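This is what each chain is made of:
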Amino acid sequence: MVITGGSRGIGRAVCLRFAREGARIIFVHYDPDDLKANETLGLVDKMDVEARARKLDISSFGAVEAFFQEVVGEFQRVDVLVNNAGITRDAFLMRMSEDQWDQALLVNLKGVFNCTKAVVKSMVKERSGRIINISSVIGQIGNIGQSNYAASKAGIIGFTKSVARELATRGITVNAVAPGFINTEMTEKLPDKARETFLAQIPMGRIGEPDEVAEVVYWLASVTTNYITGQVIHVNGGLYM
Ligand code: NAP
């Protein structure tokens with residue numbers, strides 16, 4: 001399986017969940033500092049599973065295409081693609097710069113297009129594959145200061161449903177997972193007031209854990225979900241119903 005953003009947070013939890021089943025894992029990340037990526041590799045290695053990490057900017061069409069050509073060249077196929085990498089560039093619309101808008105859309109939405117397009121030909125050839133895109137509850141309900149992020153995550157949902165329709169007869173399923181408020185570095189950055197506001201809206205009264213998202217991603221990749229495509233699975237403690 002190939003996953004973007006496997007160095008930390010939800011992506012790392014997904015790597016470990018697949019490693020538990022002995023899957024061969026290739027993940028990409030972005031930070032030139034390899035510390036977090038090496039931590040993930042170390043954890044997977046302890047489980048006696050083969051994993052590789054590669055520095056790759058998923059917003060670069062050419063670099064992504066070259067990366068997947070290499071992967072397919074070596075392993076012949078990619079069974080599962082998890083489009084997980086994402087960033088926030090928060091600002092109120094009135095103060096949002098063009099660059100903040102572009103960065104969020106380039107990584108979160110164009111990155112998903114780039115990776116999916118690069119992998120799909122080999123999946124069609126195999127007549128099998130699983131594509132799982134990580135959206136967000138924010139793509140459904142919006143959020144103050146996150147119009148760029150919300151647009152990118154809502155875009156992922158439209159993309160998922162369209163590609164699911166295009167690939168439905170080719171043995172390939174395409175689904176999205178929309179996490180709520182999950183305990184990772186992304187949410188650590190939130191000011192205390194924003195955290196409290198979110199928590200107050202979660203019926204379960206607690207923040208979610210990366211493992212709880214990873215479990216659903218793994219389930220969507222399994223053979224038991226052959227007849228599920230074009231869906232958005234919410235993992236949010238009831239924050240959005
Ligand atoms: P995170 O801890 O901030 O990790 C983000 C990951 O994306 C890192 O592995 C990072 O790599 C990678 N990445 C960032 N920019 C990249 C690029 N240009 N090319 C390749 N990789 C890149 O995030 P997270 O909280 O685990 O979130 C994972 C996904 O879930 C995101 O799509 C996020 O929007 C979504 N999500 C999260 C929450 C939440 O509450 N945490 C809620 C809803 C949805 P480096 O480590 O190398 O920088």
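For the structure itself, consult the block above.
Engineer: What is the right way to read the overall build of the chain from this model?
Structural biologist: When helices and strands are tallied, the chain shows nine helices and seven strands. Here the chain has a C-alpha radius of gyration of 17 Å; the compact-globule value for 241 residues is 18 Å, and the two agree. C-alpha atoms of the chain, sized along the principal axes, occupy 50 × 40 × 35 Å. Going through the 241 residues of the chain one by one, you find that 48% of them count as buried. Accessible area of the chain: about 12,100 Å², with a carbon and sulfur share of 52%.

Engineer: Whenever I open this one, helix H1 (residues 9-20) confuses me. Can you help?
Structural biologist: Residue pairs spaced three or four apart in an α-helix point in one direction, given the helix's 3.6 residues per turn. When the terminal C-alpha atoms of H1 are compared, their 17 Å separation across 12 residues agrees well with the 16 Å that a helix rising 1.5 Å per residue should span. Of all 12 residues in H1, nine are buried; the element is thus mostly enclosed. Turning to H1, its buried residues number three or more, namely Ile-10, Gly-11, Arg-12, Ala-13, Val-14, Cys-15, Arg-17, Phe-18 and Ala-19. Buried residues along H1 sit against strand E1 (2-4), strand E2 (25-29), helix H2 (35-46), strand E4 (80-83), strand E6 (172-179) and helix H9 (210-221). One or two residues past the end of H1 sits Gly-22, with phi positive at roughly 80°.

Engineer: Is there a simple way to think about the site of the ligand in this case?
Structural biologist: Around the ligand lies a shell of 30 residues, among which Ser-7, Asp-31, Asn-84, Tyr-149 and Thr-184 are the nearest. The separation between an oxygen atom of the ligand and a polar side-chain atom of Tyr-149 is 2.5 Å. Contact with the protein chains covers 96% of the free accessible surface of the ligand, which is 900 Å². Secondary-structure elements contributing two or more residues to the shell around the ligand are H1, helix H6 (147-167) and helix H7 (185-188). By residue number, the principal contributor to the shell around the ligand is H7, which donates three residues. A class-by-class count of the residues in the shell around the ligand yields 13 nonpolar, 12 polar and five charged.

Engineer: Hey, could you run me through the pattern of salt bridges in this one?
Structural biologist: Two side chains with opposite charge may pair up if their charged atoms get near one another. Per the stated rule, a full pass over the model turns up 13 salt bridges. A salt bridge links Arg-52 to Glu-74; the shortest N-O distance between them is 2.7 Å. Of the two residues, Arg-52 sits in strand E3 (residues 51-55) while Glu-74 sits in helix H3 (residues 61-75), which places them 22 residues apart along the sequence. For Arg-52, a relative accessible area of 33% puts it in the partly exposed group. Relative accessible area serves as the criterion here: at 43%, Glu-74 is assigned to the partly exposed category.

Engineer: Sorry if this is basic, but what is going on with the pairing of E4 here?
Structural biologist: Looking down a regular strand, the side chains alternate between one sheet face and the other. Side chains of E4 alternate between two faces, with Val-80 and Val-82 and Leu-81 and Asn-83 buried alike. Bridging between E1 and E4 involves two bridges; their strand directions are parallel. Bridge pairing in E4 links Val-2 to Leu-81. Summarising the sheet, E4 and strand E5 (residues 129-134) pair through four bridges and their orientation is parallel. Pairing of Val-80 across the sheet is with Arg-130, part of E5.

Engineer: For this particular structure, what's the right way to read the layout of surface pockets?
Structural biologist: A probe as big as a water molecule, rolled over the atoms, marks out the empty space that is left. One number sums up the size of the second largest pocket: a volume of about 420 Å³. Around the second largest pocket, the lining comprises 21 residues; the ones closest to its centre are Met-1, Ala-23, Val-78, Asp-79 and Val-80. Elements with a contribution of two residues or more to the lining of the second largest pocket: H3, E5 and H9. The class makeup of the residues in the lining of the second largest pocket is 12 nonpolar, four polar and five charged.

Engineer: Looking at this structure, I do not really get the environment of Ala-176. What am I missing?
Structural biologist: Secondary-structure assignment places Ala-176 in strand E6. In this structure Ala-176 comes out as buried when scored by relative accessible area, which is 0%. Apart from residues lying up to four places away in sequence, Ala-176 is in contact with Asn-133, Ser-135, Thr-160, Gln-231, Val-232 and Ile-233.

Engineer: I would appreciate a short explanation of unusual backbone geometry in the present structure.
Structural biologist: Glycine aside, negative phi is the norm for most residues, and most peptide bonds take the trans geometry. Phi angles above zero are rare outside glycine, and Gln-76 is one such case at about 70°. Mapped onto the secondary structure, Gln-76 falls in the loop between H3 and E4. Residue Gln-76 is classed as exposed on the basis of its relative accessible area of 51%. Non-glycine residue Arg-127 carries a positive phi angle of around 55°. Looking at the element boundaries, Arg-127 is found in the loop between helix H4 (98-126) and E5.

Here is what the cut-offs are and how they apply
- Residues numbered from 1 in each chain as written.
- Predicted model: local features only at pLDDT ≥ 70, side-chain atom pairs only at ≥ 80, totals over all residues.
- Heavy atoms only, no water.
- Helix = DSSP H or I, 4+ residues; strand = E, 2+ residues; numbered from the N terminus.
- Rg over C-alpha atoms; globule rule 2.2 N^0.38 Å.
- Buried < 20%, exposed > 50% of the residue type's maximum accessible area, 1.4 Å probe, protein only.
- Areas by Shrake-Rupley, 256 points an atom, 1.4 Å probe, with all protein chains shown as cover.
- Expected span 1.5 Å × (residues − 1).
- Contact = heavy atoms within 4.5 Å.
- Near = heavy atom within 4 Å.
- Polar contact = N/O pair within 3.5 Å; in protein donor to acceptor, adjacent residues only side chain to side chain.
- Nonpolar A, V, L, I, M, F, W, Y, C, P; charged D, E, K, R; others polar.
- Salt bridge = Lys/Arg side-chain N within 4 Å of Asp/Glu carboxyl O.
- Pairing = 2+ DSSP bridges.
- 1 Å grid on protein atoms, 1.4 Å probe; cavity = no way out; pocket = protein on both sides within 12 Å on 5 of 7 lines; lining within 4 Å.
- Points joined across faces, edges and corners; volume = space filled by probe spheres on them.

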